[in-house]
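Residue strings, one per chain:
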Amino acid sequence: MALIKEIESINKNFREEIIETEIKSAKRATVTINKDALTRAADYLFNKLKLRFIIASALHTKRGFEIYYHFSNDLTGLVINLHVILPKEKPEIKTLTSLFEAANWIEREMHEILGINFIGHPNLEKLISEGNWAKGVYPYRHEDL
Amino acid sequence: MRTYKAKKMSKIIPIGPYHPLQEEPELFKLYCDGEVVKDIKWETGYNHRGIEKLSESKTFDQVFFLVERICGICSTSHPFAFANCMEEIGNIEIPDRAKYIRSIIGELERIHSHLLWVGLAGHFLGYNTVFMWAWKYREPILDLFEIITGNRNSYAMFKIGGVRRDIEGNKIPLIKKIMDSFRKKNNLLIGAVMDDPVIHARTKGVGILTKEDIINFGAVGPTARASDVAIDVRKDDPYAAYPLINWKVITAKGCDVFAKAEVRLLEMDESINIIEQCLEGLKKTKEGDIAAKVKEIPEGYGTGHAEAPRGEVFHFVKTNGSSYPERHKVRAPSYVNIATFKKSCVGQTISDATISLAAVDPCYCCTERMAYAYDYTTGKKILNGEDILKLSHKKTQEIRQKL
């Protein structure tokens with residue numbers, strides 16, 4: 001298995017919070033962490049390791065609501081996914097907007113399409129539907145799960 | 001129209017609401033004090049097409065045609081990123097010939113997209129000759145696309161494991177000929193734009209985005225490279241034929257609109273180099289060997305990205321062993337680039353606002369719909385889109401006369 005120094009340092013610093021680490025290749029890795037540690041971990045990746053925040057992808061699965069925060073090291077082409085799993089009943093997590101502006105729109109979007117609440121977000125207004133969807137309708141949820 | 005708190009500002013100028021070629025159509029509301037932009041609010045959702053949701057009900061082969069229609073101008077960059085993503089999930093290695101063909105299509109697209117931008121930027125500034133020239137030079141590139149793929153846009157070239165059509169050996173001399181003649185025209189264009197004192201006066205120091213802004217907003221592509229942030233997926237995480245050939249990432253240090261023009265113009269020259277090397281690569285590989293056999297895509301997820309003309313296109317796909325994506329997340333480069341408008345535009349005059357917005361190339365290709373300027377208190381129309389453009393033209397005229 002490829003050794004990635006970023007992953008090594010995350011493992012060292014967030015030992016207690018890491019649920020699972022998956023290294024798919026020398027350039028792709030996913031770290032599943034405790035949702036309460038997300039802000040600290042994102043801060044570490046962005047400010048300490050100087051990774052670029054690409055975007056976040058949210059999805060509704062059997063495990064609950066999952067969010068992958070994609071970070072990239074543009075010097076090596078490494079993409080690290082910071083993965084959190086939120087409970088189905090109360091999907092909420094702290095916002096990352098205090099760390100970087102790039103999280104602003106995507107958190108609004110995830111709030112809108114899946115109903116995930118981002119605690120502390122400055123403006124969780126609808127981003128893509130402009131009020132065309134009824135209240136409480138989250139089109140990307142899979143209610144059949 | 002919603003009411004905002006910023007009521008003490010007397011005028012609100014909307015730019016928008018939508019540009020149908022873009023994934024995220026938008027409306028910018030410029031809150032102005034006199035001619036100076038003080039704040040910007042952003043609204044969108046006028047034309048949300050639900051592509052990510054649609055994708056969940058399409059087979060992987062169909063998704064290519066769907067994502068190709070996200071953007072009409074960079075129509076190959078989304079299939080490119082999606083192919084990279086799916087090949088990552090399936091661990092598929094594609095034949096060298098397919099790699100070269102993919103890169104040729106990608107670079108031709110970059111050329112025609114950048115030419116379109118140069119033309120529009122010229123138009124915003126009142127340089128209609130540049131506008132006409134750039135779009136005229138773009139035509140042979142589109143003709144070339146028709147010869148290679150059968151379409152001027154939406155080329156339908158990509159599939160998992162390779163490409164759908166070959167570029168036969170007998171087409172190579174023609175492609176070379178068109179590239180040679182385009183190189184001359186491009187040099188002419190570079191000379192005309194880079195040496196013009198009026199363009200310098202209109203674009204230098206306008207729409208500044210610092211390195212920190214780029215990192216904070218996560219901006220990509222020429223927008224980032226013009227602020228000396230040398231990120232380019234083609235170099236950073238090489239895919240297709242880019243690791244097989246010699247080329248360099250173009251950056252500029254100016255951080256302003258001029259630097260963005262500089263990056264795009266010089267990038268076109270680099271694209272010609274890439275295409276020429278890819279054509280040599282095609283000669284070395286066997287005709288017809290354009291796709292690997294792909295049986296099935298296993299359960300898993302992948303993160304694929306590709307460098308579109310506007311920056312990094314990012315696709316995240318989760319598969320479940322069937323032939324449909326379980327979740328397909330798409331991030332177009334404009335999604336992060338447009339947000340920088342808030343930084344680059346505040347403090348500028350309205351006549352500089354259009355070019356500052358246009359500088360990030362927010363898929364402004366087919367429509368440039370500026371609505372009206374309303375007086376905030378009376379609701380009376382003051383300026384329409386044409387008037388705003390005229391303001392911009394007037395400023396250029398004034399500078400020209402002073403020189």
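Refer to the preceding data block for the structure.
An account of the accompanying structure is given in this report. (Residues numbered from 1 in each chain as written. Chains lettered and ligands numbered in written order. Predicted model: local features only at pLDDT ≥ 70, side-chain atom pairs only at ≥ 80, totals over all residues. Heavy atoms only, no water.)

## With respect to the state of the cysteines
Residue and element names in this part refer to chain B.
Then, number 1: For the structure on display, the rule yields 0 disulfides over all chains.
Then, number 2: A disulfide-free cysteine, cysteine 32 has its sulfur positioned 8.8 Å from the sulfur of cysteine 345, the nearest such atom.
Then, number 3: Lacking any disulfide linkage, cysteine 255 is separated from the closest cysteine sulfur, that of cysteine 345, by 16 Å.
Then, number 4: Classification of cysteine 255 by relative accessible area gives buried; the value is 15%. (Disulfide = S-S within 2.5 Å. Buried < 20%, exposed > 50% of the residue type's maximum accessible area, 1.4 Å probe, protein only.)

## Description of the packing of aromatic side chains
Then, number 1: This structure, assessed with the given rule, holds 16 aromatic pairs over all chains.
Then, number 2: Geometrically, the ring pair formed by tyrosine 68 of chain A and phenylalanine 316 of chain B is tilted, given 4.9 Å between the ring centres and 40° between the ring planes. Here tyrosine 68 of chain A is found in strand S4 (residues 64-73), whereas its partner phenylalanine 316 of chain B is found in strand S7 (residues 311-319) on a different chain.
Then, number 3: With a relative accessible area of 0%, phenylalanine 316 of chain B lands in the buried category.
Then, number 4: When the centroid spacing of 5.2 Å and the interplanar angle of 70° are considered together, the rings of phenylalanine 131 of chain B and tryptophan 135 of chain B count as edge-to-face. (Phe/Tyr/Trp six-rings, centres within 6.5 Å; stacked < 30°, edge-to-face > 60°. Helix = DSSP H or I, 4+ residues; strand = E, 2+ residues; numbered from the N terminus.)

## Description of helix H3 (residues 77-90) of chain B
All names here are of chain B.
Then, number 1: For H3, with 14 residues, the first-to-last C-alpha span of 20 Å sits near the 20 Å given by 1.5 Å per residue.
Then, number 2: Within H3, 12 of the 14 residues are buried, leaving the element largely enclosed by the surrounding structure.
Then, number 3: Those residues of H3 that sit buried are Ser77, His78, Pro79, Phe80, Ala81, Phe82, Ala83, Asn84, Cys85, Met86, Glu87 and Ile89.
Then, number 4: One or two residues past the end of H3 sits asparagine 91, with phi positive at roughly 55°. (Expected span 1.5 Å × (residues − 1).)

## Re the environment of leucine 51 of chain A
All names here are of chain A.
Then, number 1: Inspection of the secondary structure assignment puts leucine 51 in the loop between helix H2 (38-48) and strand S3 (52-61).
Then, number 2: A C-alpha to C-alpha distance of 14 Å links leucine 51 and threonine 39, two positions 12 residues apart in sequence.
Then, number 3: Filtering out sequence-adjacent residues up to four positions away, leucine 51 remains in contact with Glu6, Leu45, Phe46, Phe71, Ser72, Asn73 and Ile80. (Contact = heavy atoms within 4.5 Å.)

## A few points about the interface of chain A and chain B
Then, number 1: The interface is formed by 40 residues belonging to chain A together with 37 residues belonging to chain B.
Then, number 2: Across the chain A/chain B interface, buried area totals approximately 3,500 Å², and carbon plus sulfur atoms make up 53% of it.
Then, number 3: In this assembly, chain A and chain B are joined by 6 salt bridges.
Then, number 4: In this structure, the salt-bridge partner of aspartate 237 of chain B is lysine 27 of chain A, at a minimum N-O distance of 3.5 Å.
Then, number 5: At the boundary of chain A and chain B, one finds 19 residue pairs in polar contact (both at pLDDT 80 or more).
Then, number 6: Of all elements in the fold, only strand S1 (18-25), strand S2 (28-33), S3, S4, strand S5 (78-86) and helix H3 (103-114) of chain A reach the threshold of two or more residues within the side of chain A that touches chain B.
Then, number 7: Take the side of chain A that touches chain B: its biggest share by element is 9 residues, from S3 of chain A.
Then, number 8: Grouping the constituent residues of the side of chain A that touches chain B by class yields 20 nonpolar, 10 polar and 10 charged. (Buried area = accessible area lost by both parts, 1.4 Å probe. Salt bridge = Lys/Arg side-chain N within 4 Å of Asp/Glu carboxyl O. Polar contact = N/O pair within 3.5 Å; in protein donor to acceptor, adjacent residues only side chain to side chain. Nonpolar A, V, L, I, M, F, W, Y, C, P; charged D, E, K, R; others polar.)

## Observations regarding the sheet that holds S1 of chain A
Residue and element names in this part refer to chain A.
Then, number 1: On the basis of which strands lie adjacent, the open sheet formed by 5 strands has the order S1-S2-S5-S4-S3 and mixed pairing. The outermost strands of the open sheet, each flanked by one partner alone, are S1 and S3. Here the average twist between neighbouring strands, direction ignored, is 20°.
Then, number 2: On the sheet, helix H1 (residues 5-13) packs against S1, S2, S4 and S5 and is oriented at approximately 175° with respect to S1. (Pairing = 2+ DSSP bridges. Axes fitted to C-alpha atoms, helices over the stretch in contact; angles between N-to-C directions.)

## Section: empty space enclosed by the protein
All names here are of chain B.
Then, number 1: Applying the stated criterion across every chain, the model contains 7 cavities of 30 Å³ or more.
Then, number 2: What lines the second largest cavity is a set of 14 residues, and nearest its centre among them are Ala121, Gly122, Leu125, Val193 and Ala261.
Then, number 3: Elements represented by at least two residues in the lining of the second largest cavity include exactly helix H4 (96-125), helix H7 (197-203) and helix H11 (257-284).
Then, number 4: Of all the elements, H4 adds the most residues to the lining of the second largest cavity, at 5 residues. (1 Å grid on protein atoms, 1.4 Å probe; cavity = no way out; pocket = protein on both sides within 12 Å on 5 of 7 lines; lining within 4 Å. Points joined across faces, edges and corners; volume = space filled by probe spheres on them.)

## Focus on the packing of helix H5 (residues 128-149) of chain B against helix H6 (residues 172-194) of chain B
Packed helix pairs are specified by the crossing angle of their axes together with the interaxial distance, meaning the distance between the axes.
All names here are of chain B.
Then, number 1: Where H5 meets H6, the closest approach of the two axes is 10 Å, and the angle between their N-to-C directions is 160°. By the angle between their axes, H5 is roughly antiparallel relative to H6. When the axes of H5 and H6 are compared, the crossing they make is left-handed. Between H5, through Trp133, Ala134, Tyr137, Pro140, Ile141, Leu144, Ile147 and Ile148, and H6, the contact on the second element is made entirely by Leu174, Ile175, Ile178, Met179, Phe182, Lys185, Leu188, Leu189 and Ala192. (Parallel < 35°, antiparallel > 145°, perpendicular 65-115°, else oblique. Left-handed = near helix turned anticlockwise from the far one by under 90°.)

## What about helix H14 (residues 350-359) of chain B?
Then, number 1: With 10 of its 10 residues buried, H14 of chain B lies for the most part within the structure.
Then, number 2: One or two residues past the end of H14 of chain B sits aspartate 361 of chain B, with phi positive at roughly 55°.

## A closer look at the sheet that holds strand S6 (residues 300-308) of chain B
Residue and element names in this part refer to chain B.
Then, number 1: Spatially, 3 strands are ordered S6-S7-S8 in an open sheet, and the strand pairing comes out antiparallel. Two strands close off the open sheet at either side, each with one partner strand: S6 and strand S8 (325-331). Adjacent strand axes in the sheet meet at a mean angle of 15°, parallel and antiparallel pairs treated alike.
Then, number 2: Where S7 meets S8, 6 bridges bridge the pair, whose relative direction is antiparallel. For lysine 318, the partnering residue across the bridge sits in S8 and is arginine 327.
Then, number 3: Each of S7 and S8 is contacted by helix H2 (residues 60-68), which is oriented at about 25° to S8, the strand it contacts most.
Then, number 4: In the packing of H3 onto the sheet, the strands contacted are S6, S7 and S8, and the crossing angle to S6 comes to about 145°.

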